[in-house]
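So you can see what is in the structure, the chains are spelled out below.
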Amino acid sequence: TGCRACINGLEQKCGGAAAMAPILAAIEQSEVILFCAPTYVFHVPGQMKTLLDHFAYRWMVHRPDRSFLRKQAVIINTAAGGGMRSTVRDIKDSTKNLGIARTHCLSQSVWNYAWNDLPESFQKSIRRKVQRTAKKVRHHAKHLTPSFKVRCLFTLYRFLHKHQKMTPVDDIYWQKQGYNTGTPWKTQ
C-alpha cells in the first residue's frame, strides 16, 4: 500500500506487519539468510521485491539492526536465459543497505529445464557452485566483519545522523543505539 508507516517509525501500523513478524523473527535468529529468486523479465519477481520493500525501514540509512552486521546472505538465482545479473543486483542492493556483512551469489541459467532433465554438465556446474559458495560462507563465518562497501555506507550514514541531517526518528534511533560512535559490528 505504500503507507510509509515503517519509515515514519510506526512499523506496527503497517498493513503487512503481522505477515512480516515471523519472517523478521526467523531472520533475527539466523546466521545465514537465503534469498532464492528466479529471474522474471530480467529482474527479481514481485513477491521478492515486496518482501525487500517491507525491510526499507531497516536499511542502514534509517534504523539498522545491529545483528545484521554479523550475518551473511546467499542469493540463489536461476533463469531460463539471461537477466541473472540484474536480478541478483536487485537483492544485493538490499542486503548491502540492510548492513548484512557479506552477501554471496549463486546464479545458474537452466534454460527451462527441470532438475532431473538438466544435462549432467549443468548439474555438475551447479554442485561446484554450491560447494564453492558454502566454503566461502564457512570461511567468512570464522571472523565475520562487514564488507568494505557496507562499512563505507555505515560511515557515511553515521556522519549524516551525527549531524542530524536525516529524519528525527532515525537520528534518535542512531543516538540511542550508540551507532554515532565506534564500530557496532565488533560489539553484540
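You'll find the structure just up there.
The structure contained in this document is the topic of the report that follows. (Residues numbered from 1 in each chain as written. Predicted model: local features only at pLDDT ≥ 70, side-chain atom pairs only at ≥ 80, totals over all residues. Heavy atoms only, no water.)

1. Comments concerning the pairing of strand 3 (residues 102–109)
Step number 1: In this structure, strand 2 (residues 72–79) lies alongside strand 3, joined through 8 bridges in parallel fashion. For T78, the partnering residue across the bridge sits in strand 3 and is Q108.
Step number 2: A crossover links strand 2 with its parallel partner strand 3, the connecting element being helix 3 (residues 84–98), and its sense is right-handed. (Pairing = 2+ DSSP bridges. Helix = DSSP H or I, 4+ residues; strand = E, 2+ residues; numbered from the N terminus. Right-handed = clockwise from strand over helix to strand, strands pointing away.)

2. Some thoughts on the state of the cysteines
Step number 1: Tallied over the entire structure, the rule returns 0 disulfides.
Step number 2: Residue C14 stays outside any disulfide, its sulfur separated by 4.9 Å from that of C3, the closest cysteine.
Step number 3: With relative accessibility at 16%, the residue C14 sits in the buried group.
Step number 4: Looking at C105, it has no disulfide partner, and the nearest cysteine sulfur is the one in C36, 12 Å off.
Step number 5: With relative accessibility at 35%, the residue C105 sits in the partly exposed group. (Disulfide = S-S within 2.5 Å. Buried < 20%, exposed > 50% of the residue type's maximum accessible area, 1.4 Å probe, protein only.)

3. Focus: the packing of helix 5 (residues 148–162) against helix 6 (residues 168–177)
Step number 1: Between helix 5 and helix 6, whose axes approach to 10 Å, the crossing angle comes to 110°. Taken together, helix 5 and helix 6 sit at an angle that is classed as roughly perpendicular. Every residue of helix 6 that contacts helix 5 at F154, Y157, R158, L160 and H161 is listed here: D170, D171 and W174.
Step number 2: Considering only residue class, the contact of helix 5 with helix 6 consists of 4 nonpolar, 1 polar and 3 charged. (Axes fitted to C-alpha atoms, helices over the stretch in contact; angles between N-to-C directions. Parallel < 35°, antiparallel > 145°, perpendicular 65-115°, else oblique. Contact = heavy atoms within 4.5 Å. Nonpolar A, V, L, I, M, F, W, Y, C, P; charged D, E, K, R; others polar.)

4. Regarding the nonpolar core
Step number 1: Membership of the largest hydrophobic core comes to 21 residues, with the highest contact counts inside it found for F35, M48, F55, I91 and I100.
Step number 2: Mapped by element, the contributors of at least two residues to this core are helix 1 (17–29), strand 1 (32–38), helix 2 (46–53), strand 2 and helix 3.
Step number 3: In this view, I91 contacts F35, A37, V44, M48, L52 and I75; residues no more than four positions away in its chain are not counted.
Step number 4: V61, L69, L153 and W174 belong to the second-largest nonpolar core, a separate cluster that totals 10 residues. (Core = buried A, V, L, I, M, F, W, Y, C linked by side-chain atoms within 4.5 Å.)

5. Focus: the side chain of H104
Step number 1: In this structure, H104 sits in strand 3.
Step number 2: Look at H104 and you get buried, because its relative accessible area is 8%.
Step number 3: For H104, the contacting residues outside a window of four places in its chain are Q72, A73, V74, I75, T133, K136, V137 and H140.

6. Focus on the packing of aromatic side chains
Step number 1: Tallied over the entire structure, the rule returns 4 aromatic pairs.
Step number 2: Taken together, a centroid distance of 5.3 Å and an interplanar angle of 80° make the contact between W174 and Y179 edge-to-face. The two residues W174 and Y179 agree in class, both being buried.
Step number 3: An aromatic cluster of at least three residues, connected via ring pairs, comprises F154, Y173, W174 and Y179. (Phe/Tyr/Trp six-rings, centres within 6.5 Å; stacked < 30°, edge-to-face > 60°.)

7. Focus on the sheet that holds strand 1
Sheets are built from strands paired through backbone hydrogen bonds, the pairs being either parallel or antiparallel.
Step number 1: In spatial order, the strands read 1-2-3; together these 3 strands make up an open sheet with parallel pairing. With partners counted over all chains shown, the strands left at the sheet margins are strand 1 and strand 3, one partner each. Across the sheet, the mean angle from the axis of one strand to that of its neighbour is 15°, orientation sign disregarded.
Step number 2: One ladder, built from 7 bridges, connects strand 1 with strand 2; its direction is parallel. Of the residues in strand 2, the one forming a bridge with I33 is A73.

So, to be careful, I would describe these as geometric facts and stop short of saying anything about function.
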